[in-house]
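Geometric and topological summary
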Amino acid sequence: FRFLKSYQENNITFWGITMQNEPTDGCLADFAFQSMCFPPEKQRDFLKLNLGPTLQKSGYGTDKLRLMILDDNRFLLPRWAEVILKDDKAAQYVSGIAFHWYLEKLSPHKMLDITHAKFPNMFYLASEACTGYSFLEFPKVSLGDWKRAERYAYDIIQDLLNWSIGWIDWNLVLDMQGGPNWVKNFVDSPIIINSSTKEFYKQPMYYIIAHFSKCLPRGSYRIGLDVPRDAYKIQKNFEIAAFQTPQDKTVIITVNRKDDPIQLVVQDIKKGYLNMTVNAHSIQTYIW
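Everything numeric in this text was worked out from a predicted model, so none of it was measured.

Concerning the packing of aromatic side chains
- Under the defined criterion, the tally for this structure stands at 13 aromatic pairs.
- When the centroid spacing of 5.2 Å and the interplanar angle of 85° are considered together, the rings of Tyr 7 and Phe 14 count as edge-to-face.
- Residue class for Phe 14 comes out partly exposed when judged on its relative accessible area of 31%.
- A cation sits over an aromatic face here: Lys 140 above Phe 138, 5.1 Å from the ring centre.
- The cationic tip of Arg 222 hangs over the ring face of Trp 163; the distance from NZ or CZ to the ring centre is 5.7 Å.

Right under this line is the structure:
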């Protein structure tokens, strides 16, 4: 409460908070960052006995502040949500579930859909992502790397197809080393600063984010897109999603990670047909 109030006194307000960033980090011996081991059972009890009632009493109930649980890797779902949200006394203070993308190959996006089926009243937010984080990835900063951009595109569109309301990058701007970072946990970023030459570079990841952030204004929502059964053979390494904006525009975003172009015909029963050529290794957005 004092944290929120102090910021408010400086004209900074919050729409939401999470209980802790990566609460499993502190459970690892000699973990580099400061972190407390905070498993879901302890989060549940702290939430219903302390944090939730305190926020409610201080005027920060769910109508004013959205509290999110997890804020850790996606593979912890749905169990993390089950432990906390099956307790009604704890669940009453929760608005959403935040999750990270790390170890994404071990955790299919379907886990979001499975969790949503169990807890449909929660919103889901992808709250952290970056490339170059693995100890196997070098260089940490890779200028002009399209493969890393494709990873962003794939993850964003899959999250949106599986109930996520948004997607947050860990660091928008970093230096040429992938820092600063006091434990040398260097990673890549959509914008890279070269302070010695006073230049900055907008990475392909930057333009991937723009397809979503510029073309899907706040208040947009995903709509149905029927794919004919005989077209499913193109689905591997190809993603497509449709959205409606508050300005009553229809948006289709396609991600083609294949080595060959894909020909598509999209039918809008109100507007007609749209013939599309989605180039190899590209992201394309259509708005009408």
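Observations regarding unusual backbone geometry
- Pro 78 follows Leu 77 through a cis peptide bond whose omega is 5°.
- Here the bond from Phe 138 into Pro 139 is cis, since omega is -5°, no more than 30 degrees from zero.
- The residue Pro 139 is located in the loop between strand E4 (123–128) and helix H6 (146–161) in this model.
- Phi is positive for Leu 70, close to 75°, though the residue is something other than glycine.
- Inspection of the secondary structure assignment puts Leu 70 in strand E2 (residues 66–73).
- Positive phi, close to 85°, is recorded for Trp 163, a residue that is not glycine.
- Position of Trp 163 among the secondary structure elements: in the loop between H6 and strand E5 (164–167).

Concerning the state of the cysteines
- One pass over the structure, following the stated rule, counts 1 disulfide.
- With a sulfur-sulfur separation of 2.0 Å, Cys 27 is cross-linked through a disulfide to Cys 37. An S-S torsion of about 85° defines the bridge between Cys 27 and Cys 37 as right-handed. With Cys 27 in the loop between strand E1 (16–18) and helix H2 (40–57) and Cys 37 in the loop between E1 and H2, the pair connects residues that are 10 residues apart, well separated along the chain.

A few points about the pairing of strand E3 (residues 96–100)
- Of all the 5 residues making up E3, 5 are buried; the element is thus mostly covered by neighbouring parts of the structure.
- Burial along E3 is two-sided: the residues Gly 96, Ala 98 and His 100 and Ile 97 and Phe 99 are all buried.
- In terms of strand pairing, E2 meets E3 through 5 bridges, oriented parallel. Bridge pairing in E3 links Asn 73 to His 100.
- Bridging between E3 and E4 involves 5 bridges; their strand directions are parallel. Counterpart to Gly 96 in the pairing with E4 is Phe 123.
- Each parallel crossover has a hand, and for E3 linked through helix H5 (residues 110–118) to E4 it is right-handed.

Regarding the sheet that holds strand E6 (residues 173–175)
- Taken together, the 3 strands give an open sheet; going across it, the order is E6-E7-E8, and neighbouring strands pair in mixed fashion. The sheet is open, and its two borders are formed by E6 and strand E8 (199–202), each paired with just one other strand. The sheet shows a mean angle of 30° between the axes of neighbouring strands, taken without regard to direction.
- As judged from the 3 bridges shared by E6 and strand E7 (residues 191–194), these two strands associate in the parallel manner. The partner of Val 173 across the bridge, within E7, is Ile 191.

Rules and cut-offs
- Residues numbered from 1 in each chain as written.
- Predicted model: local features only at pLDDT ≥ 70, side-chain atom pairs only at ≥ 80, totals over all residues.
- Heavy atoms only, no water.
- Phe/Tyr/Trp six-rings, centres within 6.5 Å; stacked < 30°, edge-to-face > 60°.
- Buried < 20%, exposed > 50% of the residue type's maximum accessible area, 1.4 Å probe, protein only.
- Lys NZ or Arg CZ within 6 Å of the ring centre and 35° of its normal.
- Helix = DSSP H or I, 4+ residues; strand = E, 2+ residues; numbered from the N terminus.
- Disulfide = S-S within 2.5 Å.
- Pairing = 2+ DSSP bridges.
- Right-handed = clockwise from strand over helix to strand, strands pointing away.
- Axes fitted to C-alpha atoms, helices over the stretch in contact; angles between N-to-C directions.

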